[in-house]
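# Coordinate analysis (summary)
The chain contents come next:
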Amino acid sequence: MDISNPSEEHLMLREMVRDWTQEFVEPQALEYDREEKFNLPLLREMGEMGLLGISAPEEYGGAGLDATACAIVHEELSASDPGFALAYLAHSMLFVNNLAINGTEVQKQRILPLVCSGEWIGAMAMSEPDVGTDVLGLSTTAKQQEDGTWKINGRKMWITNGCLDEEGTPADVVWVYAKTGTDDKGRVQLSTFLVEAGMPGYTVGQKIYDKTGMRASNTAELVFIDCIVPAENLVGSVGESIIHMMRNLELERLTLAAMSLGIARRSLHEMNKYASERSAFNTQIRNFGQMQRYIGESWAKYRAMRAYIYDTANNMSLGAEGQRLDSDGVKLFASTAAKEIADAAMQVMGGYGYVGEYNVERLWRDSKLLEIGGGTIESHHKNITRDLFKTPEVIND
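Our subject in this report is the structure included herewith. (Residues numbered from 1 in each chain as written. Predicted model: local features only at pLDDT ≥ 70, side-chain atom pairs only at ≥ 80, totals over all residues. Heavy atoms only, no water.)

Glancing now at the overall build of the protein chain. The secondary structure content of the protein chain amounts to 10 helices and 10 strands. For 397 residues, the compact-globule estimate of 2.2 N^0.38 gives 21 Å, and the protein chain sits close to it at 21 Å. Projecting the C-alpha coordinates of the protein chain onto the three principal axes gives extents of approximately 80 × 55 × 40 Å. Buried residues in the protein chain amount to 55% of all 397 residues. Excluding contacts between residues fewer than 6 apart, the proportion of contacts in the protein chain whose partners are at least 24 apart in sequence is 73%. Accessible surface, the protein chain as shown: approximately 16800 Å² in total, 51% of it carbon and sulfur. For the protein chain, the centre of its 37 positive side-chain charges and the centre of its 57 negative side-chain charges are spaced 6 Å apart. (Helix = DSSP H or I, 4+ residues; strand = E, 2+ residues; numbered from the N terminus. Rg over C-alpha atoms; globule rule 2.2 N^0.38 Å. Buried < 20%, exposed > 50% of the residue type's maximum accessible area, 1.4 Å probe, protein only. Contact = heavy atoms within 4.5 Å. Areas by Shrake-Rupley, 256 points an atom, 1.4 Å probe, with all protein chains shown as cover. Lys, Arg positive; Asp, Glu negative; His and termini not counted. Charge placed at Lys NZ, Arg CZ, Asp CG, Glu CD.)

So, about the layout of surface pockets. The gaps left among the atoms become clear once a water-sized probe is rolled over them. Taken as a whole, the largest pocket encloses approximately 1300 Å³ of empty space. Surrounding the largest pocket, 50 residues form its lining, S127, I372, G373, G374 and G375 being those nearest its centre. Split into classes, the residues belonging to the lining of the largest pocket amount to 23 nonpolar, 17 polar and 10 charged. (1 Å grid on protein atoms, 1.4 Å probe; cavity = no way out; pocket = protein on both sides within 12 Å on 5 of 7 lines; lining within 4 Å. Points joined across faces, edges and corners; volume = space filled by probe spheres on them. Nonpolar A, V, L, I, M, F, W, Y, C, P; charged D, E, K, R; others polar.)

For the pair helix 4 (residues 82–102) and helix 9 (residues 360–369), the least separation of the axes is 10 Å and the interaxial angle reads 30°. Put simply, helix 4 runs roughly parallel to helix 9. In this structure, helix 4 uses P82, G83 and L86 to contact helix 9, whose residues at the interface are R362, L363, D366 and L369. For the contact of helix 4 with helix 9, the per-class residue count stands at 4 nonpolar, 1 polar and 2 charged. (Axes fitted to C-alpha atoms, helices over the stretch in contact; angles between N-to-C directions. Parallel < 35°, antiparallel > 145°, perpendicular 65-115°, else oblique.)

What follows is about a nonpolar patch on the surface. Residues L136, V188 and I242 make up a contiguous nonpolar surface patch of about 220 Å² in total accessible area. In this fold, V188 is placed in strand 5 (residues 188–196). V188 sits in the partly exposed class, given a relative accessible area of 34%. (Patch = residues over 30% accessible without salt bridge, like charges linked within 9 Å, V, L, I, M, F, W, Y side chains within 5 Å. Salt bridge = Lys/Arg side-chain N within 4 Å of Asp/Glu carboxyl O.)

So, about the pairing of strand 7 (residues 219–229). Working note: regular strand, side chains alternate between the two faces of the sheet. Most of strand 7 is tucked away: 8 of the 11 residues are buried. Relative to strand 7, strand 3 (residues 150–160) is paired through 8 bridges, and the arrangement is antiparallel. The partner of T160 across the bridge, within strand 7, is T219. Relative to strand 7, strand 6 (residues 202–207) runs antiparallel, the two being bridged by 5 bridges. Bridge pairing in strand 7 links Q206 to E221. (Pairing = 2+ DSSP bridges.)

Before going further, it helps to spend a moment on the side chain of D366. By secondary structure assignment, the location of D366 is in helix 9. The charged side chain of D366 is buried without a salt bridge, its nearest counter-charge being R362 at 4.5 Å. For D366, the side chain forms a polar contact with the main-chain nitrogen of M214, separated by 2.5 Å. Not counting residues within four places of it along the chain, the set of residues in contact with D366 comprises P82, G83, G213, M214, R215 and I263. (Polar contact = N/O pair within 3.5 Å; in protein donor to acceptor, adjacent residues only side chain to side chain.)

Per the stated rule, a full pass over the model turns up 8 aromatic pairs. Between Y352 and Y358, the ring centres sit 5.1 Å apart and the planes meet at 65°, which makes this aromatic pair edge-to-face. Under the relative-accessibility criterion, Y352 is labelled partly exposed at 40%. Pairwise contacts between aromatic rings join Y274, Y352 and Y358 into one cluster. Between K37 and the ring centre of Y32, over which it is positioned, the NZ or CZ distance is 4.7 Å. (Phe/Tyr/Trp six-rings, centres within 6.5 Å; stacked < 30°, edge-to-face > 60°. Lys NZ or Arg CZ within 6 Å of the ring centre and 35° of its normal.)

The tally for this structure, following the rule as stated, stands at 2 cavities of 30 Å³ or more. Here the largest cavity defines a volume of roughly 40 Å³. Taken together, M246, L249, E250, R253, E321, R324 and S327 make up the full set of residues lining the largest cavity. Secondary-structure elements contributing two or more residues to the lining of the largest cavity are helix 6 (241–277) and helix 8 (324–349). Per element, the largest residue contribution to the lining of the largest cavity is 4 residues, and it comes from helix 6. Of the voids in this model, the second largest cavity is the one considered here, and its volume is about 30 Å³. Around the second largest cavity sit R247, E250, L251, M316, S317, L318, G319 and A320, which together line it. Split into classes, the residues belonging to the lining of the second largest cavity amount to 4 nonpolar, 2 polar and 2 charged.

Below, the structure written as structure tokens:
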């Protein structure tokens, strides 16, 4: 069985997304990277294809597909334009899937059809100027007012899809984590809110320019100054944010790993093709031992990534924990392997690999973020080591 296409439906999905990507994503990738622009109309088109709510239930306008399907779409998009794929991930995984799993029935009925169709574009806001991995250190606060509404104050940083255009238009809806106090044991209490465009006090502080990679996605600072949010926009109950994070984290890390797989596949394709086309000393450069090392090791890493990612995907149930060890593992391995394969491609291609027209320098730049975003590789080291201490028996399963 091909675990990357375990059913006919998965294969059809892959072919559909690959064809669409080649026709519409590939032609714009270089331009949007160079100009640091986000192709919002193209992302909205994915709503018409049923992909913006790929994991959301059909009753709310989603496609109701599984983790393997999510991985397939992210791999195919990232093989062409990882920056665009990241914008898709921020919308479909960090917002839509989060809401589908954790939202109240009223919230899902009202908002999911809008984000699944692409009428609204969503984002998730956790990181702050001074806080990343240490989520309990968040300084953004939410205080409930006498009328039941919540007042949010704080800033969020590095938010993909935080702004939608060059005019600073904010995301239509943002999944915001904020501190709401402490519990009866004195522990920090984090709660989740749905902040919508037009709510007073919610603005874009700045669009962040001059990023190393992922330049085709918009990254922004979001500012909340006495932002008033209705009581019904609290997700679940007060203090449930950590539960929300854990329910969504495994799929987020799987799809980030699938993005790395797309980068690796395209880089391998480009270096293998170039090694046949380029000659030196009256022979193809693929006949030289050092080129063979780059290509051979890249192939082995790519196949290992593919097997690990889709094995994890096929064992993952959306909204349920149980694959934390391997969701850490696939992202740890795949993010670094993709960077190494893109680097090898640049080495094989020499000067041509170093310029934008030949794609791999963009893939190389884009690959670095995947060692940082969605969990740093250092956090994966920590999580894996801790989990293997708790459950050493999994090594021999």
